[in-house]
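Spelled out from the first residue to the last, the chains are:
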Amino acid sequence: RKGNVIITGASSGLGLATAKVLVETEKWHVIMACRNFLKAERAAKSAGIAKDNYTIMHLDLASLDSVRQFVDSVRLSGRPLDVLVCNAAVYLPTAKEPTFTAEGFELSVGTNHLGHFLLSRLLLDELKKSDYPFKRVIIVGSITGNTNTLAGNVPPKANLGDLRGLAGGLNGINGSPMIDGGDFDGAKAYKDSKVCNMLTMQEFHRRYHEETGITFASLYPGCIATTGLFREHIPLFRLLFPPFQKYITKGYVSEEEAGKRLAQVVSDPSLTKSGVYWSWNKNSASFENQLSQEASNPEKARKVWEISEKLVGLA
Ligand code: NDP
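Being a predicted model, the structure only gives us computed values, none of them experimental.

**Q** Before we go on, may I ask you to explain the overall build of the chain in this structure?
**A** On a plain count of helices and strands, the chain comes out with nine helices and eight strands. Its C-alpha atoms give the chain a radius of gyration of 18 Å, within 12% of the compact-globule value 20 Å for 315 residues. The dimensions of the chain, computed from C-alpha atoms along their principal axes, are 50 × 50 × 35 Å. With 315 residues in all, the chain has 56% of them scored as buried. Taking the contacts inside the chain whose residues are at least 6 apart along the sequence as the reference set, 74% of them involve residues at least 24 apart. A total of about 13,800 Å² of accessible surface is found on the chain, and carbon and sulfur atoms cover 52% of it. Within the chain, the 32 negative side-chain charges are centred at a point lying 4 Å from the centre of the 37 positive side-chain charges.

**Q** Can you help me understand the site of the ligand in this one?
**A** Residues in contact with the ligand amount to 31 residues; listed here are only the nearest, Ser 11, Lys 39, Asn 87, Tyr 190 and Thr 227. Between the ligand and Ser 12, the relevant distance is 2.7 Å, taken from an oxygen atom to a side-chain nitrogen or oxygen of the residue. For the shell around the ligand, the secondary-structure elements that each account for two or more residues are α1 (13–24) and α6 (186–212). Among the residues making up the shell around the ligand, the classes are represented as 15 nonpolar, eleven polar and five charged.

**Q** What should I look at first to understand the nonpolar core in this one?
**A** A general tendency of soluble globular proteins is for nonpolar side chains to be buried together. Counting 59 residues, the largest nonpolar core has Ile 6, Phe 70, Leu 119 and Leu 123 as its most contacted members. Among the elements of the structure, β2 (28–34), α3 (64–77), β4 (83–86), α4 (107–129), β5 (136–140), α6 and α9 (298–311) are those that each provide at least two residues to this core. Ile 7, Tyr 54, Val 140 and Ala 263 belong to the second-largest nonpolar core, a separate cluster that totals 38 residues.

**Q** Mind showing me how you'd approach the layout of surface pockets here?
**A** Summary: where empty space remains is shown by rolling a probe the size of a single water molecule over the atoms. Counted as a void, the second largest pocket has a volume near 190 Å³. Taken together, Gln 202, His 205, Arg 206, Gly 275, Val 276, Tyr 277, Glu 288, Asn 289, Gln 290, Leu 291 and Ser 296 make up the full set of residues lining the second largest pocket. When residues of the lining of the second largest pocket are traced back to their parent elements, those giving at least two are α6 and β7 (276–280). The leading source of residues in the lining of the second largest pocket is α6, at three residues. The residue makeup of the lining of the second largest pocket, split by class, is three nonpolar, six polar and two charged.

**Q** Mind showing me how you'd approach α3 here?
**A** Given 3.6 residues per helical turn, the α-helix brings residues three or four places apart onto the same face. With 14 residues, α3 should cover 20 Å at 1.5 Å per step; its first-to-last C-alpha distance of 20 Å lies within 8% of that length. Within α3, burial applies to Leu 64, Ser 66, Val 67, Phe 70, Val 71 and Val 74. Buried residues in α3, looked at end-on, bunch into an arc of 155°, giving them a common side. Of the exposed residues in α3, the ones pointing more than 90 degrees away from its buried face are Asp 65, Gln 69 and Leu 76. Downstream of α3 by one or two residues, Gly 78 has phi in the positive range, about 75°.

**Q** When you look at the sheet that holds β5 in this model, what are you seeing that I'm missing?
**A** For sheets, the rule is that strands pair by backbone hydrogen bonds, running either parallel or antiparallel. Here we have eight strands laid out as an open sheet, ordered β3-β2-β1-β4-β5-β6-β7-β8, and mixed in their pairing. Strands with a single pairing partner mark the edges of an open sheet, and in this sheet they are β3 (54–58) and β8 (286–288). The mean inter-strand angle of the sheet, taken between neighbouring strand axes irrespective of direction, is 25°. Sheet topology note: the β7/β8 ladder contains three bridges and is antiparallel.

**Q** Honestly, the pattern of salt bridges in this entry has me stumped. Any pointers?
**A** Pairing between side chains of opposite charge can happen when the charged atoms of each approach one another. On inspection of all chains with the given rule, the structure shows 20 salt bridges. Where Lys 20 meets Glu 24, a salt bridge forms, and the shortest distance between an N and an O atom there is 3.1 Å. Of this pair, Lys 20 and Glu 24 both sit in helix α1, four residues apart, roughly one helical turn. Its salt-bridge partner being Lys 129, residue Glu 126 comes within 3.0 Å of it at the nearest N-O pair.

**Q** I would appreciate a short explanation of the packing of α4 against α6 in the present structure.
**A** Pairs of packed helices are described in terms of their axes, by the angle between the two and the distance that separates them. Contact geometry of α4 with α6 gives a least axis separation of 8 Å together with a crossing angle of 15°. Relative to α6, the element α4 is oriented roughly parallel. Seen along the crossing, α4 lies across α6 with a hand that is right-handed. Residues Ser 108, Val 109, Asn 112, His 113, Phe 117, Ser 120, Arg 121, Leu 124 and Lys 128 of α4 form the contact with α6, whose own contacting residues are Gly 186, Ala 189, Tyr 190, Ser 193, Cys 196, Asn 197, Thr 200, Phe 204, Tyr 208, Glu 211 and Thr 212.

**Q** Please explain the packing of aromatic side chains as it appears in this structure.
**A** Applying the stated criterion across every chain yields a total of 13 aromatic pairs. Consider the rings of Tyr 91 and Phe 230, whose centres lie 5.9 Å apart with planes at 85°: the pair is edge-to-face. With a gap of 139 residues between them, Tyr 91 in the loop between β4 and α4 and Phe 230 in the loop between β6 (215–219) and α7 (235–249) connect regions that are remote in the sequence. Exposure remark for Phe 230: the relative accessible area of 11% places this residue in the buried category. Taking 5.1 Å as the distance between ring centres and 85° as the angle between the ring planes, the aromatic pair formed by Phe 117 and Trp 305 counts as edge-to-face.

**Q** I tried to follow empty space enclosed by the protein on my own but got confused; where do I start?
**A** Throughout the structure, instances matching the rule amount to two cavities of 30 Å³ or more. Of the voids in this model, the largest cavity is the one considered here, and its volume is about 40 Å³. Here the lining of the largest cavity is composed, by residue class, of six nonpolar, one polar and one charged. Computed from the structure, the second largest cavity encloses a volume of approximately 30 Å³. Arg 136, Val 137, Ile 138, Thr 215, Ala 217, Val 265, Leu 271, Lys 273 and Trp 278 are the residues that line the second largest cavity.

Rules used in this analysis
- Residues numbered from 1 in each chain as written.
- Predicted model: local features only at pLDDT ≥ 70, side-chain atom pairs only at ≥ 80, totals over all residues.
- Heavy atoms only, no water.
- Helix = DSSP H or I, 4+ residues; strand = E, 2+ residues; numbered from the N terminus.
- Rg over C-alpha atoms; globule rule 2.2 N^0.38 Å.
- Buried < 20%, exposed > 50% of the residue type's maximum accessible area, 1.4 Å probe, protein only.
- Contact = heavy atoms within 4.5 Å.
- Areas by Shrake-Rupley, 256 points an atom, 1.4 Å probe, with all protein chains shown as cover.
- Lys, Arg positive; Asp, Glu negative; His and termini not counted.
- Charge placed at Lys NZ, Arg CZ, Asp CG, Glu CD.
- Near = heavy atom within 4 Å.
- Polar contact = N/O pair within 3.5 Å; in protein donor to acceptor, adjacent residues only side chain to side chain.
- Nonpolar A, V, L, I, M, F, W, Y, C, P; charged D, E, K, R; others polar.
- Core = buried A, V, L, I, M, F, W, Y, C linked by side-chain atoms within 4.5 Å.
- 1 Å grid on protein atoms, 1.4 Å probe; cavity = no way out; pocket = protein on both sides within 12 Å on 5 of 7 lines; lining within 4 Å.
- Points joined across faces, edges and corners; volume = space filled by probe spheres on them.
- Expected span 1.5 Å × (residues − 1).
- Arc of directions from axis to C-beta.
- Pairing = 2+ DSSP bridges.
- Axes fitted to C-alpha atoms, helices over the stretch in contact; angles between N-to-C directions.
- Salt bridge = Lys/Arg side-chain N within 4 Å of Asp/Glu carboxyl O.
- Parallel < 35°, antiparallel > 145°, perpendicular 65-115°, else oblique.
- Left-handed = near helix turned anticlockwise from the far one by under 90°.
- Phe/Tyr/Trp six-rings, centres within 6.5 Å; stacked < 30°, edge-to-face > 60°.

What follows is the structure, given as structure tokens:
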């Protein structure tokens, strides 16, 4: 049978490009987990993905009720689940004030980290049941959360601090909307959320890899300077960012190439190693990359996991 893969945020950018690559191999059925059904339908059509090869299911990661309903729908569909890709994200670099999810968490960490945290925890049982030759959970990371890189050193840098803001619920009412307890900064909130994504992947590996055989992985697909991720940025930035990445940093990668990279982490039978953060060199060969000290700190990973469990109602 074909493998079944859920990709969150498959209505644009990296998620859509990955769906297209996987479907073209004729080995995968893609469940596009999207908040905007019509947009997802149009995106699938314009990418030329044939109707039989995808299913769109509604998921709004900024609502934990929506996450729970989505998981129920997956269970009821009777379709086995083999791979989960946590790809969706919001990036709000120019926001002056924080905005919040349905449960009142700051939107970037609430969507990118907490929504995916609940989703992946609840879908673990479905993945365990799969009889596919391999099962995987992939959480898309980013270089920007890694302060051991040049890109990760552009201020404001990621820093989760002592997690006091996260422990306080990130609601900006009786505490800070930022994980470290500081003042709101949209660009930093995104980077912090990506550190949480990478820590979560490693904590999943420590807790569940041996018991379940599931491969947990993260990756930095390269700088895909053209995606909708930068839609909230000022126009001048959007104009100059792609050529800057192409000619100056040389980190630029097309959506198509980035899609091939993520598709490789989904489907390449040889990429079975768990607990790994994949990157690619100039010739597009994958290699295991080093995470920053904070993004690989097991103690922090455990704490983020435990606090997140409380926030999403799992503990
Ligand atoms: P896009 O903005 O193109 O795609 C993001 C997707 O997330 C969209 O489909 C969007 O849906 C979806 N999304 C946002 N909020 C929600 C929500 N509440 N519920 C469900 N879906 C939601 O950005 P990219 O393709 O660039 O980003 C994909 C991933 O790649 C992210 O994890 C990002 O951090 C990562 N990444 C991107 C890099 C880059 O250079 N672009 C570099 C490194 C990592 P909708 O279409 O409805 O808006």
